[in-house]
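For reference, the chains in residue letters:
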There are 2 protein chains.
Amino acid sequence: MSADCVFCKIAGNVLPSTKVYEDRDTLAFLDVGPVVKGHVLVIPRQHYDPITGAPPEVLQKLIVVVQKVARALIRGLGAGGVNISQANGRLAGQVVPHIHFHVIPRFEGDGHARNWVPKQYENPQEMGQFGGKIRDALG
Amino acid sequence: MSADCVFCKIAGNVLPSTKVYEDRDTLAFLDVGPVVKGHVLVIPRQHYDPITGAPPEVLQKLIVVVQKVARALIRGLGAGGVNISQANGRLAGQVVPHIHFHVIPRFEGDGHARNWVPKQYENPQEMGQFGGKIRDALG
């Protein structure tokens with residue numbers, strides 16, 4: 001537990017939350033500032049940050065709960081779509097430094113417009129260079 | 001394999017891609033319309049859609065590769081942050097109907113602004129109602 005972490009406090013019941021699911025390792029609760037009402041956060045009880053800091057088996061537990069929650073947003077709220085989002089680092093828009101997945105129900109006319117603007121590589125060579133750097137770092 | 005699916009064609013090498021990682025079950029390659037250059041897509045070779053249609057063990061394999069790619073974007077490209085995004089359904093902005101995770105490197109001044117506008121519940125009762133419906137659907 002990280003003493004200053006709001007999600008650790010929620011996991012430890014030091015701060016209240018509207019829980020929708022919990023098990024030994026994982027907790028899901030409503031985001032108090034939903035981008036769409038019904039927006040759920042899925043977190044591990046233990047503090048990890050960012051995604052690269054979590055053991056793979058923790059992520060594997062989280063993603064199964066993310067799927068359960070997505071299903072519940074469709075069945076329980078009648079959502080027509082679901083966005084899943086996970087941000088790492090201030091540059092990525094992360095606010096709370098405790099790994100969390102956003103699971104967001106989508107409805108016709110819900111007013112949540114993702115700002116998704118595809119760009120282009122200058123040329124195939126530039127794309128190849130990006131691919132090579134990532135591939136090398138994965139190798 | 002779904003005959004009309006562009007990601008099935010990429011997985012089957014019928015269409016070219018700039019691959020950065022592959023194993024028996026999973027493939028990662030550059031998005032040709034990157035929201036930030038270096039934007040990677042992680043997919044299962046097999047066709048599943050949406051997230052609720054994939055067996056949990058497929059998601060577990062995917063999320064481990066997502067983590068590897070996130071690490072490679074930081075190490076290989078010097079990304080200062082990483083966004084992970086996964087969309088289900090047209091309402092959620094999904095275009096290709098084959099489950100995929102976006103792994104997006106973030107850099108200072110990269111021009112990618114997420115349109116993240118937190119709303120509020122009318123009152124604690126409304127929040128409780130949303131929580132109850134989701135909890136019931138999970139139970």
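Residues numbered from 1 in each chain as written. Chains lettered and ligands numbered in written order. Predicted model: local features only at pLDDT ≥ 70, side-chain atom pairs only at ≥ 80, totals over all residues. Heavy atoms only, no water.

Moving on to the relation of the copies chain B and chain A. It takes a turn of 180 degrees to lay chain B on chain A, together with a shift of 0.0 Å along the axis; the resulting RMSD is 0.0 Å. Viewed as a symmetry operation, the transformation between the two copies matches a two-fold axis. Take the interface residues of chain B: 100% of them recur as interface residues in chain A, which is what a same-surface contact looks like. (Least-squares fit on C-alpha atoms with pLDDT ≥ 70 in both. Contact = heavy atoms within 4.5 Å.)

Now for the nonpolar core. Among the nonpolar cores identified, the biggest contains 66 residues, and A:Val42 and B:Val42 are the most heavily contacted of them. Those residues in contact with B:Val42 that sit more than four places away from it in its chain are B:Thr26, B:Leu27, B:Ala28, B:Leu62, B:Val65, B:Val66, B:Val69, B:Ile99, B:His100, B:Phe101 and B:Val103. (Core = buried A, V, L, I, M, F, W, Y, C linked by side-chain atoms within 4.5 Å. Buried < 20%, exposed > 50% of the residue type's maximum accessible area, 1.4 Å probe, protein only.)

Residues and elements named next belong to chain A. Here Asp49 and Pro50 are connected by a cis peptide whose omega angle stands at -15 degrees. For Pro50, the position within the fold is in the loop between strand 3 (40-44) and helix 2 (56-77). Within the chain, Asn13 stands out as a residue other than glycine whose phi angle is a positive 60 degrees. If you trace the backbone, Asn13 turns up in the loop between helix 1 (6-11) and strand 1 (19-22). (Helix = DSSP H or I, 4+ residues; strand = E, 2+ residues; numbered from the N terminus.)

For any pair of aromatic rings, the description rests on two quantities: the centre-to-centre distance and the angle between the ring planes. Residues and elements named next belong to chain A. Counting across every chain of the model gives 4 aromatic pairs over all chains. Both rings, one in Phe7 and one in Phe29, keep their centres 5.6 Å apart while their planes meet at 80 degrees; by these two values the pair is edge-to-face. Taken together, the positions of Phe7 in helix 1 and Phe29 in strand 2 (residues 26-30) put the pair 22 residues apart, joining distant regions of the chain. Taken as a pair, Phe7 and Phe29 share a single burial class, namely buried. We note Arg114 situated over the ring of Trp116; from NZ or CZ to the ring centre the distance is 4.4 Å. (Phe/Tyr/Trp six-rings, centres within 6.5 Å; stacked < 30°, edge-to-face > 60°. Lys NZ or Arg CZ within 6 Å of the ring centre and 35° of its normal.)

Moving on, we get to the state of the cysteines. A complete count under the given rule lists 0 disulfides over all chains for this structure. Not part of a disulfide, A:Cys5 finds its nearest cysteine sulfur in A:Cys8, a span of 3.8 Å. (Disulfide = S-S within 2.5 Å.)

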